[in-house]
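# Coordinate analysis (summary)
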Amino acid sequence: MKRMAKKKALRFYIVLILAIIIFAIFHNSSKKPFEGLVHTATKPFSSFFSDAGRFTYNKFSFFSSIGTLKKDNSRLLEENLKLKSRIALLNDIKKENNELRKQIELAPRDSFKLKATMVIGRDMSGLSDSFIIDAGSNDGIKEQMAVVVSEGILIGKVKKALKTTSYVELIRSKNSRVNAEITESGAKGIVRGQYGTSVIIDMIPQTVEINKGDSIMTSGVGGILPRGLLVGYAQEPMSTADQLFQQASLILPVDYGSIRMVWIVTGTKNK
Amino acid sequence: MKKILFLILIVLFFVQYSYISLVSGNPYFRGSGLIATFIIALFLKENVHGSFWWAFLVGLLLDYFSTTSFGTYAIIFIILAGIIKIYKAKFEQSRHKMLFAFTNMFLGLILIDIFLLVMLKMDILLGIPRENIFVSDINIEWYFISKVFFALLGVGVFILLDKALRSFDLDARRLKIENI
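Computed from a prediction, not measured in an experiment: that's the story for all the values here.

### Here's the deal with the overall build of chain B
In terms of helices and strands, chain B carries 7 helices and 0 strands. Here chain B holds 180 residues, and 41% of them are scored as buried. Of the contacts formed within chain B by residues at least 6 apart in sequence, a portion of 63% connects residues at least 24 apart.

Right, here's the structure in full:
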């Protein structure tokens, strides 16, 4: 009996020492042994399960929405009529919008070189809020490149580029920092994540007026991210604890849960 | 049986890995909950041999797909396996099997987080820039709700595993008897 217990204890120490040795060897390196190989080998399975997950989610959403279909239908008919009348009005606004875009330098999506890629997984530790995409350094992806969706809406940066996959750190991640500015006033600040739940713009001087609904875009300061990518819209401002600056939480225009495809900004087009 | 357990683990791993759409809205469900509950259920089973090796392998697998240092989860799971072995030897009572499984799951999941924080602190002491997680940032209510959810899920896994292992043991014994 004692021998069995000793054998078990010995097994425990051997495995633990082995793990500690591995940790000690690799703790200082950002790369893990055969990491690229492991990610490449598991990519087809990740894609499959990712698609299956989305399919299940969509089915759940569909069934849960059945109860509200009738209500939604009549609401949509009403909205349709309203929207038809607004189309004419919007055509005018479109012209005005283009003018405004030029004035506030919010970059249109076609001014960037984009690489389309799919989201196939996420960080398993749950510590950093990040996605794993199915493009890597073999596809020209480099660290710190901006990741956007839709009409140039920033969702994060490439944190780590492996050969065939890359980690994307989302802007709502606690460690994410993005140089940004308020388009209406031109005031510069830093957009940072709040433990994966919300995003705030910080370090805005007290003298600047922040209005609810002000749009926040990347400022291009630091040269890491291009200028003119939409980040979100400001909510009510508040002073920081030291009263030196003010900050405001942001409404993000994207639902991160439903993101399937993202674009990596690999460069800007010269026009 | 080991092969089946390994297959289940791989499927769970990919489910957890590609969990984006279902739970990404809530950070407390984003961690390694599914894998952790399964591995604790494995530790709780007496007739699964080599739980330390399981801990080591699953830990390394998690390390490959997370932003932690390589080996972090391996160390955490091995220590957890050791603690559960000691706890099991001292406090296991067959009358309250479910309660025993639940408390083990719940405390095990919290211990994983505590160990993870200690390992991150160690990283910082070793001069490696890592995520700065402050306990004050955590929404305690949601944190415990998520742990209770995963612990209950773990109890379900434990029951299934218990039944599966028993039937496999019976089959093995029957085969032995037939051979004799």
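Additional details are given in the paragraphs that follow.
### Concerning the overall build of chain A
When you go through chain A residue by residue, the secondary structure sums to 3 helices and 12 strands. Relative to all contacts within chain A whose residues are 6 or more apart in sequence, the contacts with residues 24 or more apart total 57%.

### Details of helix α4 (residues 51-64) of chain B
A rise of 1.5 Å per residue sets the reference length of α4 of chain B, with its 14 residues, at 20 Å; its end C-alpha atoms lie 20 Å apart and thus fit the reference within 8%. For α4 of chain B, the complete set of buried residues consists of Ser51, Phe52, Trp54, Ala55, Phe56, Val58, Gly59, Leu60, Leu62 and Asp63 of chain B.

### What to know about the environment of His96 of chain B
Residues and elements named next belong to chain B. Mapped onto the elements of the fold, His96 is located in the loop between α5 (72-91) and α6 (97-125). Taking the C-beta count within 10 Å as the criterion, His96 has 12 such neighbours and is therefore assigned exposed. When the C-alpha positions of His96 and Lys121 are compared, they lie 37 Å apart, and in sequence the two are 25 residues distant.

### A short note on the packing of α4 of chain B against α5 of chain B
Residue and element names in this part refer to chain B. Relative to each other, α4 and α5 sit at 155°, their axes nearing to 7 Å. With respect to each other, α4 and α5 are oriented roughly antiparallel. Considering only the axes of α4 and α5, their crossing is right-handed. Contacts between α4 and α5 involve Ser51, Phe52, Ala55, Phe56, Val58, Gly59, Leu60, Leu62 and Asp63 on the former and, on the latter, Thr72, Tyr73, Ala74, Ile76, Phe77, Ile78, Leu80 and Ala81. Its residues placed into classes, the contact of α4 with α5 shows 13 nonpolar, 3 polar and 1 charged.

### Notes on the environment of Phe38 of chain B
Residues and elements named next belong to chain B. As for its placement among the helices and strands, Phe38 is situated in helix α3 (residues 33-44). For the pair Phe38 and Ile84, spaced 46 residues apart in the sequence, the C-alpha separation amounts to 14 Å. Discounting chain neighbours no more than four positions away, the residues touching Phe38 are Leu9, Leu12 and Val157.

### Concerning the nonpolar core
If you look at the biggest cluster of nonpolar residues, it comprises 50 residues, and the most contacted ones within it are Ile39, Ala55, Ala74, Phe77 and Ile78 of chain B. Of all elements in the fold, only α1 (2-26) of chain A together with α1 (2-17), α3, α4, α5, α6 and α7 (140-179) of chain B reach the threshold of two or more residues within this core. Per element, the largest residue contribution to this core is 10 residues, and it comes from α3 of chain B. Not counting the four nearest positions on each side in its chain, Ile39 of chain B is found in contact with Trp54, Ala55, Val58 and Phe77 of chain B. Grouped together as the second largest cluster of nonpolar side chains are 45 residues, Phe112, Val147, Ala180 and Leu230 of chain A included.

### Observations regarding the confidence of the model for chain B
Residue and element names in this part refer to chain B. On average, chain B scores 78 in pLDDT, and the residues at 70 or more come to 78%. By mean pLDDT, helix α2 (residues 20-23) is the weakest element of chain B at 52, and α4 is the strongest at 87. Taken together, the chains of this predicted complex give a pTM of 0.71 and an interface ipTM of 0.72.

### Focus on the environment of Arg173 of chain B
Residue and element names in this part refer to chain B. Of note, Arg173 is situated in helix α7. Arg173 sits in the exposed class, given 10 other C-beta atoms within 10 Å. A C-alpha to C-alpha distance of 14 Å links Arg173 and Met1, two positions 172 residues apart in sequence.

### Considering unusual backbone geometry
Most peptide bonds take the trans configuration, and most residues that are not glycine carry a negative phi. All names here are of chain A. Despite not being glycine, Phe34 has its phi angle at roughly 55°, a positive value. Summarising the element assignment, Phe34 is placed in the loop between α1 and α2 (35-66). The class for Phe34 is exposed, based on 11 C-beta atoms found within 10 Å. Of note in the backbone geometry, Gln144 takes a positive phi value of approximately 75° without being a glycine. One can find Gln144 in the loop between β2 (130-133) and β3 (146-149).

### Side note on the pairing of strand β9 (residues 215-218) of chain A
Residue and element names in this part refer to chain A. Where strand β6 (residues 177-182) lies against β9, 3 bridges are found, and the strand directions are antiparallel. Bridged to Ile182 within β9 is Ile216. As paired elements, β9 and strand β10 (residues 230-239) share 3 bridges and run antiparallel to each other. Of the residues in β10, the one forming a bridge with Ile216 is Gly232.

### Quick word on α3 of chain B
Residue and element names in this part refer to chain B. If you check α3, its first and last C-alpha atoms are 16 Å apart, about what 12 residues at 1.5 Å a residue would give, namely 16 Å. With 12 of 12 residues buried, α3 is to be regarded as a mostly interior element. If you check which residues of α3 are buried, you get Gly33, Leu34, Ile35, Ala36, Thr37, Phe38, Ile39, Ile40, Ala41, Leu42, Phe43 and Leu44.

Calculation notes
Residues numbered from 1 in each chain as written. Chains lettered and ligands numbered in written order. Predicted model: local features only at pLDDT ≥ 70, side-chain atom pairs only at ≥ 80, totals over all residues. Helix = DSSP H or I, 4+ residues; strand = E, 2+ residues; numbered from the N terminus. Buried ≥ 20, exposed ≤ 12 C-beta atoms within 10 Å, placed from the backbone. Contact = placed C-beta atoms within 7 Å. Expected span 1.5 Å × (residues − 1). Axes fitted to C-alpha atoms, helices over the stretch in contact; angles between N-to-C directions. Parallel < 35°, antiparallel > 145°, perpendicular 65-115°, else oblique. Left-handed = near helix turned anticlockwise from the far one by under 90°. Nonpolar A, V, L, I, M, F, W, Y, C, P; charged D, E, K, R; others polar. Core = buried A, V, L, I, M, F, W, Y, C linked by C-beta atoms within 7 Å. pLDDT = per-residue confidence, 0-100. Pairing = 2+ DSSP bridges.

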